[in-house]
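A structural walkthrough
Given next are the chains, with one letter for each unit.
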Amino acid sequence: GPSKGDIREKVWAHLESAGLAEFPRPVRGRIPNFKGSLQACGSIRELGAFSRAREVKVDPDKPLEGARLAALQARKTLLVPTPRLRTGLFNRIVPPPGATKEVLRICATSQGVRDYSVPVGLDGKARVDLVVVGSVAVSEKGKEKPCWRIGKGEGYADMEYAMMVSMGAVQEDTPVVTIVHDCQVIDIAEELLGDHDLTVDYILTPTRIIKTNCKRPKPQGIIWHKASGYEMLGKIPILKTLRYREKQMGKDVTLQDEHPCLANSTRAAELNKEMAENAQPQAATGSAQMGQPHVESDPLSPRLEGSGTITTVYVGNIPPSLRVSELKCALREFHVTPFRLNWQGAQHRAFLDYEDKVTAERAVSSLKGLSLGGNTLRVELARNQRNKG
């Protein structure tokens, strides 16, 4: 039978050839916009789940613009995922006071998402009552078959939902809606999809409202052993914070790259080598003491006599309640242990010393987006290092 990729290509090609595709074109590689998308989105107002919802999450795709507008017009809290989850999970759209219908229309567009939004962090206490996702294809129903959806192939909608579960933003009974053209409703073989794939409760098209009565449980959180390891953590920094929190709670957060069955693989060997290099003692001369004279200089690993070039990483926005032991624990977790940590908690900052710039830049990349104690840390090369660069 056809693969997921085959189904996507068939849908994209049909929308274009049948004259159903709308801006942005071509629709290939996208959640496709289609003729009648505003009409399909408008029918969301007929759902009791929408009427009852106070907080609605709608993906930023163009064909869902009408759903975002409907939420704003109904004075609901509208959350939109950040593009590719690079800077966090949600933005909350905040129209200006007294916004006219035209301003609300702008707020519902991609420009409005940029201009009228504020970020919502992991500690933002989001409580989503309705989830609206885009799809390339979706299956309507079948004998005991769940209502599957296929996205554009990058996995962000599935990951967004799993992250919402992990942060407690959605519950088991939170309804999921998708909005597509009638031609995108097709039969999808069950064997193509897995337990990380999201099912939907309602399908809205220009001509129909379909209640799927899906009984299959939705994903119960991030399935870490299926996550593509450090590559995904690098692409989605907020995942680092979620993974760290879940590990602190005692959950198994072993990544695909770290799975025991890969222990003898090349990648596992590379990871072990990297961890060993980060943990071994490093050499340095001179003093990296910075800031106030009374600070806690706390080596995380033994120092050796010798000489070398020190590169310092600045960690700011440290919350007053955070202890140095918690920061050290996070540094070990992300395998970016410095040879010296200069803790300045009273000034809400710390400085990490590394033996070279490459190691320091890896630490900046690894810690980017990390949230501790309710604050997203500011992590960058120390000012004197940036000036040298």
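Looking at an unreviewed UniProt entry, one finds the protein named Methenyltetrahydrofolate synthase domain-containing protein and attributed to Sclerurus mexicanus.

Quick word on unusual backbone geometry
Of the consecutive residues Phe23 and Pro24, the connecting peptide bond is found in the cis state with omega at 0°. Looking at the element boundaries, Pro24 is found in the loop between helix 1 (4–17) and helix 2 (37–42). Backbone torsion omega between Arg25 and Pro26 reads -10°, so that peptide bond is classified as cis. With a phi close to 60°, Arg75 is a non-glycine residue in the positive phi region. Counting through the fold element by element, Arg75 comes out in the loop between helix 4 (65–73) and strand 2 (77–81).

Details of helix 9 (residues 238–248)
With respect to burial, helix 9 is a largely interior element, 8 of its 11 residues being buried. Burial in helix 9 covers these residues: Ile238, Leu239, Lys240, Thr241, Leu242, Arg243, Tyr244 and Glu246. In the segment just after helix 9, Gly250 is the residue with positive phi, at about 90°.

A word on the pattern of salt bridges
Taken as a whole and judged by the stated rule, the model has 12 salt bridges. We note a salt bridge from Glu16 to Arg25, for which the minimum N-O separation is 2.7 Å. In this structure Glu16 comes out as partly exposed when scored by relative accessible area, which is 24%. Accessibility expressed as a relative area gives 46% for Arg25, which makes it partly exposed. For the salt bridge of Glu65 with Lys62, the shortest nitrogen-to-oxygen distance reads 2.9 Å. Lys62 sits in the partly exposed class, given a relative accessible area of 34%. If you follow the salt bridges from partner to partner, you end up with Lys57, Asp59 and Glu160 in one network.

Describing the pairing of strand 12 (residues 311–316)
With 6 of 6 residues buried, strand 12 is to be regarded as a mostly interior element. Side-chain alternation along strand 12 places Thr311, Val313 and Val315 on one buried face and Thr312, Tyr314 and Gly316 on a second face that is also buried.

About the thresholds
- Residues numbered from 1 in each chain as written.
- Predicted model: local features only at pLDDT ≥ 70, side-chain atom pairs only at ≥ 80, totals over all residues.
- Heavy atoms only, no water.
- Helix = DSSP H or I, 4+ residues; strand = E, 2+ residues; numbered from the N terminus.
- Buried < 20%, exposed > 50% of the residue type's maximum accessible area, 1.4 Å probe, protein only.
- Salt bridge = Lys/Arg side-chain N within 4 Å of Asp/Glu carboxyl O.

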